[in-house]
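Below, each chain spelled out in residue letters.
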Amino acid sequence: MNKIKVSQIPESTSEIVRIQNELKEKGYALSSDSALGIPPEMRQYLDNRFFTDHVLGPEIPGVSPIDRLRACDVVEFRRKKDQLELEEFPIVTLKPIKNMKEPREYKRVLTLEDPKFVNWIGTLFKMVPPDEQQTHGTLGFHFLRTFNDLVAYKHQDGEQYVIIYIAARETDGALTSLYPIDQPDTLLLEVAIQPGEYLIFRDRDFMHDASPLRPRFKGDKQYRDALITLVHYPTTYLTAPR
Ligand SMILES: [Fe+2]
């Protein structure tokens, strides 16, 4: 389990610079595989590889929409010049939330076993503005197949950055919204993120929520496959008491 993998951090392209600048100025940015120069096959590959009954497990009753499926991973990174050295973190357990007593333990998927995923991590890391990039930290990956309800109440994830990527979507609704942290009643952004698109935001600047899925046509079984990447603070895992 403790084998180090290496991900190349890509060169700065105009799209990467635009994302970094928008994050500095506004705290959020939208992008897409095509704008980033990522081949369209990658989205389908990620969907086929990770959003399966074999990989995904159940949600935790009483915490999240019960009919949603999830798998997660935590990866430790060390930046070495233009590369990230990556290692599976020993635990993926999350702190209890709301009135829970027990920590949250979701089914784990070892993302570093997948060379294409390893390669992709460098691009995700590069989106963070240079002066906010950590040299040693952890990233969380949550693969979520949702059929009905997303998290409809305004909240923060308590992390440095959140990157939402949609791998597949057969639904209406499912609008992701951001509200300024100092004006939580003001809707700043409302977007139906499409397959192959990204929304990245600095978590501490906003509250966020997402509206329920709605069938596009009567009788459809709607779903959305989202990969949520969390750029953790050191206190989330690295320096957290265990
Ligand atoms: Fe969230």
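Computed from a prediction, not measured in an experiment: that's the story for all the values here.

The rules behind each value
Residues numbered from 1 in each chain as written. Predicted model: local features only at pLDDT ≥ 70, side-chain atom pairs only at ≥ 80, totals over all residues. Heavy atoms only, no water. Pairing = 2+ DSSP bridges. Helix = DSSP H or I, 4+ residues; strand = E, 2+ residues; numbered from the N terminus. Axes fitted to C-alpha atoms, helices over the stretch in contact; angles between N-to-C directions. 1 Å grid on protein atoms, 1.4 Å probe; cavity = no way out; pocket = protein on both sides within 12 Å on 5 of 7 lines; lining within 4 Å. Points joined across faces, edges and corners; volume = space filled by probe spheres on them. Nonpolar A, V, L, I, M, F, W, Y, C, P; charged D, E, K, R; others polar. Salt bridge = Lys/Arg side-chain N within 4 Å of Asp/Glu carboxyl O. Buried < 20%, exposed > 50% of the residue type's maximum accessible area, 1.4 Å probe, protein only.

Draft legend 1. Focus on the sheet that holds strand β12 (residues 206-210). The 3 strands lie next to each other as β10-β9-β12, forming an open sheet whose pairing is antiparallel. Two strands close off the open sheet at either side, each with one partner strand: β10 (189-191) and β12. When strand polarity is set aside, the average angle formed by the axes of neighbouring strands in this sheet is 15 degrees. Sheet topology note: the strand β9 (residues 176-180)/β12 ladder contains 5 bridges and is antiparallel.

Draft legend 2. Looking closely at empty space enclosed by the protein. Scanning the entire structure with this criterion turns up 2 cavities of 30 Å³ or more. Forming the boundary of the largest cavity are F77, L124, F125, V128, E132, Q133, Q134, L139, Q160, I163, T229 and V231. When contributions to the lining of the largest cavity are tallied by element, the ones reaching two or more residues are α4 (115-127) and β14 (223-231). Grouping the amino acids of the lining of the largest cavity by side-chain chemistry returns 7 nonpolar, 4 polar and 1 charged.

Draft legend 3. Representation of the environment of P212 within the structure. Among the secondary structure elements, P212 is positioned in the loop between β12 and β13 (213-214). When the C-alpha positions of P212 and L175 are compared, they lie 7.6 Å apart, and in sequence the two are 37 residues distant.

Draft legend 4. Quick peek at the pattern of salt bridges. Taken as a whole, this structure holds 17 salt bridges when the rule is applied. Where K154 meets D185, a salt bridge forms, and the shortest distance between an N and an O atom there is 3.9 Å. Here D185 lies in the loop between β9 and β10 and K154 lies in the loop between β6 (136-146) and β7 (161-170), a separation of 31 residues in the sequence. Relative accessible area serves as the criterion here: at 74%, D185 is assigned to the exposed category. Two residues, D205 and R202, come together in a salt bridge whose shortest N-O distance is 2.7 Å. The partly exposed category is assigned to D205, whose relative accessible area is 24%. With a relative accessible area of 7%, R202 lands in the buried category.

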